[in-house]
Structure formats: C-alpha cells, structure tokens
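Working through the structure, step by step
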Amino acid sequence: MSASVLYDAPGPKARIRNRVYSVIGTLAVLGLIAFIVVRLNDKGQFAPEMWDIFNYAGVRNDIVDGLLTTLQVFAVAAVLSLALGVVLAVGRLSDHKAVRWFATGFIELFRSIPLLITIYALWQIFLTYKNDLGFAGDGTEFWALVVGLAVYNGSVQAEVLRAGINSVPKGQREAAYALGMRKTQVMMTILIPQGVRAMLPTIISQLVVTLKDTSLGYVITYQELLYQVQQIAGNTVVNDDYPYVPLIIVGGAIYVALCMALSALATWIERRGRRAKSGIAVAPAEQPIAAGDALDVIDHSEVAGPAGTATKN
Amino acid sequence: MNLLFDYFPEFREGFLGTLSLTAASAALALILGIVMAGFRVSPIPPLRAFGTAWVTLLRNTPLTLLFLIAFFVIPQILFPGTSPYKLAVGALGCYTSTFICEAVRSGISTVPIGQAEAARSLGMTFFQTLRMIVLPQATRTVIPPLSSIFIALTKNSAIAGAFSNTELFNVSKLLNDKGYPTGWIFLWIALAYLVITLAISGLFRLLERRMEVAR
C-alpha cells in the first residue's frame, strides 16, 4: 500500500492546511538544525582554525591510514565470514547428525552473544598466547577483530545461505540426483549457486553490517578509522578545545558513504533479480536484523506480492 | 561455577544494568520509531524527508560512532553533565528506532488497502486513519520483527559497557582484568545474555499468540 492510500487527494482547504503544516514542519526541522549549529558555533567548533587541521599532512595521513585499516579488516573478515558461512550452512544441512548438531550449536551460540563480547574474549585469549601464536605489533588486535567478525557474521551468513538453499525448488535437487550426481555435486553445482543468487541482496546487506561492526575495534584499541578519529580529536588542541565535531563529521561521512554505496549495490542487485524470470524469489535488500529472519524473508517476498514491493526503499 | 558465586554481586549488577539499559532504550526506540514511521507516511513533505533522512543516516552509521557522538559532542552542546546511562540510552534508542520505523512501515503496508479506503470514506483524517484503523491492525505483523529488533538491541547494549556503563560487558572486562580464565567468563556472560534474549523471544511469542486473529 503506497502512502497516498492513507489520505485523500487534498481539496482546497486541506491544501492550505498541508501548506501550513509544511511550513511549520520545515521551520521545526530547520530550527533544530540551526539550534545545534549555533550551539556548536558558540563552542567554537566551526571556527576556521578547527577545520584547518585537515590541511596538515599528519592528520590526513592518519585518517587515510585508519580508513585503509578499516577496509583491510573488512576485506579479510568478509572473505572469512563468507567461507565460514558456506561451511556452516552445508554443515547444518548435512546428513550426518554429529556434523549437523555441531554446526547448529556453533551458529546458535555465536549468534546469541554480543559481538563485542566475542571480540573482547578473543583479544584476551590472543594476548595470553601472543607468543605461541606469533603475533607481532598490533596483529593481536587485528586477528581478534577479524576472527570475531568472521565467527559472528559467518553464523549469520550461514543462516542466510541456508534460507537460500531451502528456497531452491525441490525439482532441481531431484533432477540432479536423477542425473546421477552425488550429494556433494548436487550441493556444490546445483543448490549453492542458486541459493546464493536468491540471497545475494541479503548477503551484501549483511556485509554492510560487517563493515559497520569493524568500528568495534575502537573498544579493543585497534587503530581503525574510528579509533584514529578519536585519537586525533583527543590529542589536538585548537583554541583551547578539542576538535571533536569536525573529525566526527568527516569520519561519519566516510562511514555513511561506504555503507550507503554497499547498500545501493544490494538494492541494485535486488531490482535486477526481480526482473529475471528464474522462478526463484530474490530476497529483499534490507539489512537483516537477526539471522532467523532470513528464513521468513523468502516467504514474505512470495506472500506480499506487489503490495510488499511498493514500499522498498 | 566458583566464578559466578564469588562475584555474584557484580554479575547481578551487570545483569540488571543490561536489563535496564535494554528496557529504557527499547521504550525510547519504540516511541521514536512509531513517530518516524508516521512521519514517513504523512502527507507533509518536509516531515517525510526528515523521516527518510533520519532512517538513512542512522542506519548507515556504526553504533560505536553514535556512542562517540553521544559522549563527546552532546554533553558539549546540549546537556552538559548528562549521566552516561542517559547518553547510552539515547544512542541505543536513536539507532534502534530506525529499525522499528522500517518494521512499522512495512507493517502498515500489510494492512489491506480497503481498510484505509473505508476509513477515508468515513471522513477520517490522516491521523485518525493511522491511529484508529491502520496501526492497530499493523501491530500483529510488526510483533515478530520487533522481537528480533529487541534481541539485537540487547546485544548492542554491550557497547554501552565500553562507555562507562555498568552492564555485562563491563563485568567481563572487570573479571578479565582480575586475571580469571577468559573461557569461563565468556560462558557465564553468554548464559546471562541467553536468559535475556530467550525471555524476550518468549514474551513476544506469547504476545503474538494472544493477538492472533483469523484473517
């Protein structure tokens, strides 16, 4: 149902009223923004000197370093989480009871624990066995963050993939077995490719979550973008004040731009998938809140039909 | 086992801290989320734009960054000397409200069109249609996603522990600093979270069953 169903096409009176509300609404929103800007200005956060810090090569290099570190963590964690996701999804669908139980237990355990706690525990363990594991420099923090992200997001990706594999029509599997393919062949060449195709928007949306969660490195003092931003802000004094606002605006803009680019990719793939007539519904590109929802996603997209698709952002 | 009993007061404090953080920010997120969903379907363009901007911006921001804003910027400009608890509730509430907004909005879209049309033909205004006809019927479809949103909120509240709040992450940090085995601490903390998340999903399943109606 599009929004316009909720109200009539405005008549002359309603049009005037809507216009009045529009003006009031605009003023309220603008007033709020103006209030914040004025307060920040009073605190000197918009003074030219505050923003001048971005002209220093040191500050710029630190931000670029942080960004590259964040991207590096994201890249490694994304690859590992996808690999782990495939293994866990296949494990959970396995014919062997022991494998199935192990995969289910693993997924349910790490999904239900806050990622921060997993990362922190890994960090402590890695610190204890630092020499045995052969970590140098900030390798401890890097691997704690990467392994934590991979374990948590791998569990979520596994559930997403399982939903995708289950959404492949039964005939595909039966046809493959009828052709004499073996279990592994059916899974690798028939089910997973089609499952991935169906869930690609959700998989990418979960990658957005992974990207956002790299900022948890801040808590374990790993020098990714957020930590760098906070360090620069906390160690630079301009006009007897710390330039938190300029740095948070710049750092925030980088994060928002990265995440929005990835989300846009997911939405684009979803739209492309909807046009194709493969008979398998493509999941919506919304960020999955919890992995369990991924299983409902397919049902929703079939049941909701045209009414449901009208509200996608 | 000893660890839990030796530090039972700390565990209890942490557990209650997580519980109260989750409850307070859930309430804030629910109110903000419903208001924002109302904005996003309203006939007034600036409010619609504001709702869309709110959701797009906050959804694509890492929660840790929101905490940074809440703890380093907000006290400077708006309310100096706000307690860490209130700041954490604010950050968690605003972040979660975007998910609730989207859940409510897709809930609104599942109410049959005829309902809103009938309300309009009875002469109801937009606000009346939304409040008396559409939202009550949307509640039923919104409840299952709300359950997973609140579970995610419970897990996100761990970040508040890194910003001087007393809750379960803080307990795990404290015990780790004291040098107890990480594995055991991890298991006990995990169990505490499991209690909360299972309680939430149980509560919502109960709600779902009570509100179930043949349609």
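By the naming in an unreviewed UniProt entry, chain B is Putative glutamate ABC transporter permease, taken from Streptomyces sparsogenes DSM 40356. Taken from UniProt, the Subcellular location (unreviewed entry) comment for chain B reads in full: "Cell membrane". Per its UniProt entry, chain B bears the Sequence similarities (unreviewed entry) comment "Belongs to the binding-protein-dependent transport system permease family. HisMQ subfamily."

In the nomenclature of an unreviewed UniProt entry, chain A is known as Putative glutamate ABC transporter permease of Streptomyces sparsogenes DSM 40356. One UniProt comment on chain A, placed under Subcellular location (unreviewed entry), says "Cell membrane". You can read under Sequence similarities (unreviewed entry) in the UniProt record for chain A the words "Belongs to the binding-protein-dependent transport system permease family."

Quick look at unusual backbone geometry
Positive phi, normally seen in glycine, also occurs at threonine 221 of chain A, with a value near 55°. Mapped onto the elements of the fold, threonine 221 of chain A is located in the loop between helix H9 (183-213) and helix H10 (225-235). Its identity as a non-glycine residue notwithstanding, serine 164 of chain B has a phi of 45°, on the positive side. Relative to the assigned elements, serine 164 of chain B resides in the loop between helix H9 (158-161) and helix H10 (168-177).

A look at the UniProt feature "transmembrane region" (unreviewed entry) in chain A
Within the UniProt annotation, "transmembrane region" (unreviewed entry) is assigned to residues 20-40, 71-90, 102-123, 143-165, 186-209 and 244-269 of chain A. Counting secondary structure, residues 244-269 of chain A comes out at 100% helix and 0% strand; the distance between its end C-alpha atoms is 37 Å.

Points about the UniProt feature "domain: ABC transmembrane type-1" (unreviewed entry) in chain B
The positions UniProt marks with the feature "domain: ABC transmembrane type-1" (unreviewed entry) are residues 15-204 of chain B. With 83% helix and 0% strand, residues 15-204 of chain B has its two end C-alpha atoms placed 20 Å apart.

As for the UniProt feature "domain: ABC transmembrane type-1" (unreviewed entry) in chain A
Here, the residues flagged by UniProt with the feature "domain: ABC transmembrane type-1" (unreviewed entry) are residues 67-266 of chain A. The span residues 67-266 of chain A shows a helical share of 82% and a strand share of 0%, and its end C-alpha atoms are spaced 22 Å apart.

Section: the interface of chain A and chain B
Much of the literature gives interface size as the accessible area that the parts lose upon coming together. Residue-level contacts link 56 residues of chain A with 58 residues of chain B. At the boundary of chain A and chain B, one finds zero salt bridges. Mapped onto the side of chain A that touches chain B, the elements with two or more residues apiece are helix H1 (12-42), helix H4 (97-112), helix H5 (115-128), H9, H10 and helix H11 (244-275) of chain A. Residues that form the side of chain A that touches chain B fall into these classes: 33 nonpolar, 16 polar and seven charged.

Some thoughts on the pattern of salt bridges
Residues and elements named next belong to chain A. As enumerated under the stated definition, the model contains eight salt bridges over all chains in all. As a salt-bridge pair, glutamate 159 and arginine 92 come within 2.8 Å of each other at their nearest N and O atoms. A residue pair is termed long-range when its members are at least 10 positions apart, and glutamate 159 in helix H7 (residues 139-167) and arginine 92 in helix H3 (residues 57-92) qualify at 67 residues. Both residues of the pair, glutamate 159 and arginine 92, count as buried. Arginine 111 is the partner of glutamate 108 in a salt bridge, and the nearest nitrogen-oxygen pair spans 3.7 Å. Taken together, the residues span about one helical turn, with glutamate 108 and arginine 111 both in helix H4 at a distance of three residues. Residue arginine 111 is classed as buried on the basis of its relative accessible area of 18%. Through salt bridges that share partners, Arg92, Glu108, Arg111, Glu159 and Arg162 make up one connected network.

Basis of the calculations
- Residues numbered from 1 in each chain as written.
- Chains lettered and ligands numbered in written order.
- Predicted model: local features only at pLDDT ≥ 70, side-chain atom pairs only at ≥ 80, totals over all residues.
- Heavy atoms only, no water.
- UniProt positions renumbered as here; feature names shortened; annotations may be inferred.
- Helix = DSSP H or I, 4+ residues; strand = E, 2+ residues; numbered from the N terminus.
- Contact = heavy atoms within 4.5 Å.
- Salt bridge = Lys/Arg side-chain N within 4 Å of Asp/Glu carboxyl O.
- Nonpolar A, V, L, I, M, F, W, Y, C, P; charged D, E, K, R; others polar.
- Buried < 20%, exposed > 50% of the residue type's maximum accessible area, 1.4 Å probe, protein only.

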